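What the coordinates show
The lines below spell out each chain.
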Amino acid sequence: NGSLMPNQEAPNVPLRKRVQRFCFTNTFTALSLFVFSYLLIIFALLVTTENIPKFQSSLNETTGLIKIFLPGSSGGGEDLLVCQELWDMAAANVVCKKHGSPLGAGSAYALSHKSLMANSDNKDLPRSCVSIRCQGFETSLAECEIYNKVKADDRMVAAATCYRIGPEGQCEQILKS
């Protein structure tokens, strides 16, 4: 019937053109496989990182207490408090700005872990704390140095009072109750 199979060339096509078509077809196939492999790897990374715990911090507006979740290397992690030893205004500013106070911290102070545990509402508080040192330019405590996990039982733990913008646009401190 005169039709050619897909891998057949017309007899009058010069060899140079056949080689060019062969190279183009193989290059296109290799490129397609590369792009497919790349997309598959990206998808796999997105799926696997979805379930990996991330660093988190929290600021209790009532007590000013700072709590962090520090992810572990094997997928888990633990809730910790921040020890008072290195706690300062630079670190308090980082926490306050991260938690919605663009003006930063009004004060950095410490609370007794023992007195916090005496309150029945705080029975689920972490029993360990870590030291955190910030420069003040960080956007999260995760960017600060975090080290020296210790038992918090007889220690003072970090707290902060943050500024907020009042209803008439004036600056107010979030007060502890």
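This is a predicted model, so every value here is computed, not measured. (Residues numbered from 1 in each chain as written. Predicted model: local features only at pLDDT ≥ 70, side-chain atom pairs only at ≥ 80, totals over all residues. Heavy atoms only, no water.)

Here the focus is the overall build of the chain. A tally of regular secondary structure across the chain gives three helices and eight strands. Overall, the chain shows an N-to-C arrangement of helices and strands of α-β-β-β-α-β-α-β-β-β-β. Relative to its 177 residues, the chain shows a buried fraction of 28%. At a minimum sequence separation of 6, the contacts of the chain that also span at least 24 residues come to 57%. Counting every atom, the chain has about 11900 Å² of accessible surface; 58% of that belongs to carbon and sulfur. (Helix = DSSP H or I, 4+ residues; strand = E, 2+ residues; numbered from the N terminus. Buried < 20%, exposed > 50% of the residue type's maximum accessible area, 1.4 Å probe, protein only. Contact = heavy atoms within 4.5 Å. Areas by Shrake-Rupley, 256 points an atom, 1.4 Å probe, with all protein chains shown as cover.)

The next subject is the nonpolar core. Among the nonpolar cores identified, the biggest contains 20 residues, and Ile66, Ile68, Val82, Trp87, Ile132, Cys134 and Leu141 are the most heavily contacted of them. Elements that contribute at least two residues to this core include exactly β2 (66–71), β3 (77–82), α2 (89–98), β5 (128–133) and β7 (156–165). Residue contributions to this core peak at five residues, all from α2. (Core = buried A, V, L, I, M, F, W, Y, C linked by side-chain atoms within 4.5 Å.)

This paragraph deals with the state of the cysteines. Under the counting rule described, the total for this entry stands at three disulfides. Linked covalently through their sulfurs, Cys83 and Cys129 form a disulfide whose S-S length is 2.0 Å. Note on the Cys83 and Cys129 pair: the S-S dihedral is about 90°, so by sign convention the disulfide is right-handed. Residue Cys83 is found in the loop between β3 and α2, and its partner Cys129 is found in strand β5; the two are separated by 46 residues along the sequence. The residue that forms a disulfide with Cys96 is Cys162, at a sulfur-sulfur distance of 1.9 Å. The chirality of the disulfide connecting Cys96 with Cys162 is left-handed, given an S-S dihedral of about -80°. One end of the pair, Cys96, is in helix α2; the other, Cys162, is in strand β7, and 66 residues separate them in sequence. For the pair Cys96 and Cys162, one class covers both residues: buried. Look at the chain and number its bonded cysteines as they come in the sequence; the links are 1-3, 2-6, 4-5. (Disulfide = S-S within 2.5 Å.)

Taken by themselves, the reported measurements are silent on function.
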